[in-house]
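The lines below spell out each chain.
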Amino acid sequence: MKERSTRAMTKKTPLGKVALFLGLVLLGITMLYPLLWMLGTALKTNDPAAILREGPGAGIFPDDRNILANLFPPVWHWENFIEVFAVSNFARYYFNSALIAIGVTAGQLITSSLAAFAFSRLTFRWSEQLFFLYLATLMVPVSVTLIPLFIMMSQMGVVDSYFVLLVPPMFGAYGTFLLRQFFKGIPVELDEAACLDGCNAFGRFIHVTLPLSGPALATLGIFTFMGNWQSFLYPLVMVSSDHLKTIPLGLLDFVELNSANWPLLMAASIWSIIPVILIFLFGQRFFVTGVRLGGVKG
Amino acid sequence: MRHKNYTPWLFLTPSLLGFLAFTFLPILFSLALAFCAWDLFRPPRWVGLDNFVQLLGFVGRESPAMDPRVAIAIAVAAGIFAVLSFVFLRGWLRVTIIVASIIGIIILCLQFVEPVNGRFWYFIGNTFYLLLGLPLSMACSLGLAVLLNQAIAGRNLFRLAFFLPSIVGGVGIYLLWKWIFNTEYGLINAVISLVHPAGGPAWLESAAWAKNAIIIMNIWATAGGANMVLYLAALQNVDPQLHEAACIDGAGKWGQFFAITWPMVSPTTAFILTMGIIGGFQGGFDSAYVMTRGGPAGATTTISYFIYENGFRYFYMGRAAAASWILFVMVFCLTLINWKWMSNKVNY
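Small disclaimer: the values here were computed from a predicted structure and weren't measured.

Calculation criteria
Residues numbered from 1 in each chain as written. Chains lettered and ligands numbered in written order. Predicted model: local features only at pLDDT ≥ 70, side-chain atom pairs only at ≥ 80, totals over all residues. Helix = DSSP H or I, 4+ residues; strand = E, 2+ residues; numbered from the N terminus. Buried ≥ 20, exposed ≤ 12 C-beta atoms within 10 Å, placed from the backbone. Contact = placed C-beta atoms within 7 Å. Nonpolar A, V, L, I, M, F, W, Y, C, P; charged D, E, K, R; others polar. Expected span 1.5 Å × (residues − 1). Axes fitted to C-alpha atoms, helices over the stretch in contact; angles between N-to-C directions. Parallel < 35°, antiparallel > 145°, perpendicular 65-115°, else oblique. Left-handed = near helix turned anticlockwise from the far one by under 90°.

1. Some thoughts on the overall build of chain B
Inference 1: Across its full length, chain B holds 17 helices and 4 strands.
Inference 2: Each principal axis of the C-alpha distribution contributes one length, and for chain B these read about 65 × 65 × 65 Å.
Inference 3: Taken across its 348 residues, chain B has 38% of its residues classed as buried.
Inference 4: Pairs at least 24 residues apart make up 67% of the contacts formed inside chain B by residues separated by at least 6 positions.

2. Remarks on the interface of chain B and chain A
Inference 1: Counting residues at the interface gives 75 residues for chain B, matched by 75 residues for chain A.
Inference 2: Ranked by the residues each element gives to the side of chain B that touches chain A, the list is headed by helix α1 (residues 7-33) of chain B, at 16 residues.
Inference 3: Its residues assigned to classes, the side of chain B that touches chain A comprises 54 nonpolar, 19 polar and 2 charged.

3. Considering helix α3 (residues 68-88) of chain B
Because an α-helix packs 3.6 residues into every turn, residues spaced three or four apart end up facing the same way.
Inference 1: Here α3 of chain B contains 21 residues, and its C-alpha end-to-end distance of 30 Å stays within 8% of the 30 Å for a straight helix at 1.5 Å per residue.
Inference 2: Here α3 of chain B lies mainly on the outside; 0 of its 21 residues are buried.

4. Some thoughts on the packing of helix α5 (residues 118-131) of chain B against helix α14 (residues 266-282) of chain B
For any two helices packed against each other, the geometry is given by the interaxial angle and the distance between the axes.
All names here are of chain B.
Inference 1: Where α5 meets α14, the closest approach of the two axes is 9 Å, and the angle between their N-to-C directions is 140°. It follows that α5 is oblique to α14 by the angle criterion. In this structure, α5 meets α14 at a crossing whose hand is right-handed. Taken together, the residues of α14 that come into contact with α5 (itself represented by T127, L130 and L131) are I277, G280 and F281.
Inference 2: Looking at the contact of α5 with α14, its residues break down into 4 nonpolar, 2 polar and no charged.

Okay, structure coming up:
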């Protein structure tokens, strides 16, 4: 992302700069404070004996309502993060979420890029109409398809299985749309050159289009992964067995079993967002690409 | 670049099969389902428009709240007034008077009829209420973008800090906010009690405040996210010479903002608003399910939550399908209106 300031004209006084800087720091703290509080809560304890030993600040129900003083407890209870795995099937939920997010992402990338190549590079009958049909379904709310999909799956007897968690989400019109937009921007001359070298359509797809689409594929991959990692309604409807549950569903069970144990709950919640934060930190530039691909055109 | 006739279909097959089976077919199925009553245990029964009537229909009141003759007189007067203003007035005045007349006539009609299912209208109202967070969030996004669009130390770090809340999402974050809105020991009420010793409202346990709590959470989650990045990109495309020219003409900071920045980012505003309405109107399920279960007393039940409850808790499949099509039509109409309105306002 090219950085340049458009306010070249307004020369800032040093004082104004300091005020702006302090204002931004304050805003940044406000935005991050809930997350800090999440960490602080996760490090506290619900154990009455520990609270007696370490003082009221160690618990989540302090007598002193000064939040700044009580952000972090006197003794940090990192063991909460391990206890999460002991009191519930959390490792299994983690595995399921990872499997589904990775599997669906791989499936999406393969099906969408193949279809996008056909829509952007090959000529065939009904191509326009078919693409319009894809686009039209983007406007239809998820809840319209969810009910019939559930009925279809349960009539086929595959509801509450890995199949239903993995396969239907692999196909999406959005991925096809996004990649088609990107493929259209790749110069056709490259395809023509490959054509002269004797490449067939599949060869052009593998040797020309895909290598040049790294950023778009990474963007679609990251968004699909994050979307499926956090997906809630779909698995909630489709799955009821404990061994098939994903992290969001597992967290909900956790609430029901340990309703007032906020430290443990927050530790579990932090576990659930760690992969998301890691992906964000490593794939930052693709987020901007994604926002622009989906957003600004022309 | 020639290729065999069947080649494109080889590329399309995987996607097309999935699309037909898991998107297209369910849509057709859902359309038929909307006209049936089905609880999955007994065979489905064709009921025609009954589902829609049950959701959106009106019936006459047993005891009208007003003398019909008075009502007719008022309605005729309002109608004449609207027609006259349509003929003789122009611009905003005309629009205002016509809208006011229509609202007046609707209020009059409501003296004689009442909805079959008042709850569903209440849930539609909830969905619209939650949409009020969108302009607030957009204003925050634009404000943050303007602040960040200046030469300042640590700009990337600030952008990171603002962006982070928008990418961490899902059940974990809803649980965090449920804890933050805790009446006794939550963060928000602790801050409020610093300035207002009586303490804050009961937030998620209060029918009046629960929706506001969800709006606050949504603003936190979206203000620094994709919308801010879009605004930042738009601001960087504004020609600095425009600001120089305005500066020479003697425009102050706010003058420059309203004369240059705001019009120049209006395409971005239109885009964010459209996408936000589409998304926001379908949304509200996850947060309602995790934080309030649609309560208290249905105060946070949106249309999508209603669809889930009817479909998957009570197994009124037909009614849920009908509600989902009502949702679709509403999203579609809102988007159309928004586009029409925006295409007049946007400066390219």
